[in-house]
Amino acid sequence: MRRWFFGLVFLVFPGCAATAPAEAGPKTSARAPILVQPVQAAAPRPAPSPTPVANEAAADPDADDEEGPDDDEAEAAEAEGPEAEAQAPAPPPPKPPSPLLALSVTQLEARYRSDPASVGPLSLGATNAGALVNGVQMPRSDKWIVQDPSCAWGTQETVDAIARSIEKVAAEHPGAPALAIGHISSKKGGHLSPHRSHQSGRDVDIGYYHSPPKTTFVRATEANLDLERTYALVKTIVSDADVELVLIDTSVQRLLVAHALRKGEDEAFLDQVFQVRGKHPRPLVRHARGHGNHLHVRFVSPVAQELGRRAGAFLKREKVAPPHVADAVVMHKARSGDTLQILARRYGTTVEAIQGANGLRTIDIKMGRTYRIPVPKPPTPPKSAVPKRPTAAPPRTAGATRGPTQGR
Ligand SMILES: [Zn+2]
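Residues numbered from 1 in each chain as written. Predicted model: local features only at pLDDT ≥ 70, side-chain atom pairs only at ≥ 80, totals over all residues.

A. Representation of the overall build of the protein in the model. The number of helices and strands found in the protein is 11 helices and 13 strands. Within the protein, buried positions represent 51% of all 408 residues. A sequence separation of at least 24 residues applies to 75% of the contacts in the protein between residues at least 6 apart. (Helix = DSSP H or I, 4+ residues; strand = E, 2+ residues; numbered from the N terminus. Buried ≥ 20, exposed ≤ 12 C-beta atoms within 10 Å, placed from the backbone. Contact = placed C-beta atoms within 7 Å.)

Written as structure tokens, this is what we have:
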């Protein structure tokens, strides 16, 4: 084994800000290839039940983790089915799966070539190594304020989910002030300062409801938080939308949970959803530094992600997507003897991809510097052999945790 194989490698967490949350965990990828049909069928269906049906996904530690197996998605959707159908009084009919999903890679490419817009939004790669094609801009509304429209582009599914969630809160809690919406993604995705994620049209920063109302992100406190509406928003998002994770500061989670308990919320629901309850290994709502004045939601976009997966190769070939779009990113601290070629070979990527991910114009790398390495597959340890998180329950504030790939 050569010495550079022992370079420090750890996962990059695709959290919100530059201080990526440990909570995002080794979630190095978009939960890739999703079984579109069941999820798609279930996604638009309102789940008004107070039971946290939609959070079956959270019951599986892997469901919001890197390599969330397709089956988890399918099972989550199926589990959601019967109850939602039994209890929903008159839900709008589920949208049919996108006809685009019937296209092969070749057909999709042909269609893109003849009319790029006709393939709709494509979410490429991981949220921290991604791109967005044919993104949709968050529309204007009197129910929300888009702070920076140039950085409010997402998949159709993301934009719709944000709008539906806020509209539902506004409808159920009349008089709701317009809610601040921060960054989603830039028009073509990719790096968006100061975030590590927000690259593939699936992440959004949303303000909390305040009393009196605020039009920007303001640190939430017991004194200024509109608990009723904010809790309704969080509950709507985790219950009705297809969500991978929600990042909320611990202090705000505590306020929300206390409010929910006072209202008589189902404790099992709270246990499943909120990290501060300490009852679930991978709850949907987790702490991450920097989320005391806004929440960060990562939505799943079954159609845009699946189409992005199929289109990825030819979009890179056509240079529509940059070479460093990847399923995941690992961090590598350069050691003596490392070269871009060696790293590319070792990690199964290309020199161009590493250059792109690090803004390198030459092939020079510096010993001791840590580089982002786009990798085709999230580096997951065998489940049976290696604990998911070797440093079990690490402090939730670190920017990164040693990953399992060290010395691979
Ligand atoms: Zn964010």
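Structure shown, so let's carry the discussion forward.
B. Looking closely at the environment of Lys-377. Looking at where Lys-377 falls in the secondary structure, it is placed in the segment after β13 (370-375). Between the alpha carbons of Lys-377 and Ala-126 there is a distance of 9.9 Å; along the sequence they are 251 residues apart. Discounting residues that sit within four places of it in the chain, Lys-377 has contacts with Asp-327 and Ala-328.

C. Just the confidence of the model for the protein, in detail. Scored by pLDDT, the protein comes out at a mean of 77, with 69% of its residues at no less than 70. pLDDT under 50 marks residues 1-88. Its contacts with residues more than four places away, or in other chains, come to 242 contacts. Scored below 50 in pLDDT, residues 382-408 shows 44 contacts in the model against residues more than four places distant or in partner chains. (pLDDT = per-residue confidence, 0-100.)

D. Structural detail: the packing of helix α6 (residues 227-240) against helix α7 (residues 250-262). For the pair α6 and α7, the least separation of the axes is 10 Å and the interaxial angle reads 95 degrees. Taken together, the axes of α6 and α7 lie roughly perpendicular to each other. Together, Leu-227, Thr-230, Tyr-231 and Val-234 of α6 and Leu-255, Leu-256, His-259 and Ala-260 of α7 make up the contact between the two elements. (Axes fitted to C-alpha atoms, helices over the stretch in contact; angles between N-to-C directions. Parallel < 35°, antiparallel > 145°, perpendicular 65-115°, else oblique.)

E. Looking closely at the environment of Ser-98. In this fold, Ser-98 is placed in the loop between α3 (70-87) and α4 (105-114). Under the C-beta neighbour-count criterion, Ser-98 is labelled partly exposed, with 19 such atoms within 10 Å. Considering only alpha carbons, one finds Ser-98 and Val-119, 21 residues apart in sequence, at a separation of 10.0 Å.

F. Examining α6 more closely. In this model α6 runs 19 Å from its N-terminal to its C-terminal C-alpha over 14 residues, within 8% of the 20 Å that 1.5 Å per residue would give. Inspection of α6 places Leu-227, Arg-229, Thr-230, Tyr-231, Leu-233, Val-234, Lys-235, Thr-236, Ile-237, Val-238, Ser-239 and Asp-240 among the buried residues, and these make up the whole buried set. (Expected span 1.5 Å × (residues − 1).)

G. Looking closely at the environment of Asn-293. Tracing the backbone shows Asn-293 in the loop between β10 (285-286) and β11 (294-299). Using a count of 19 C-beta atoms within 10 Å as the deciding quantity, one classes Asn-293 as partly exposed. For the pair Asn-293 and Val-252, spaced 41 residues apart in sequence, the C-alpha to C-alpha distance is 8.9 Å. Apart from the residues within four sequence positions on either side, Asn-293 is in contact with Phe-217, Val-218, Arg-219 and Ala-220.

H. Representation of the pairing of strand β8 (residues 203-207) within the structure. Most of β8 sits inside the fold, with 5 of its 5 residues counted as buried. Because side chains alternate across β8, one face comprises the buried residues Asp-203, Asp-205 and Gly-207, and the other comprises Val-204 and Ile-206, equally buried. Taken together, the 5 bridges between β8 and β11 define a ladder with antiparallel strand orientation. Bridge pairing in β11 links Val-204 to Val-297. (Pairing = 2+ DSSP bridges.)

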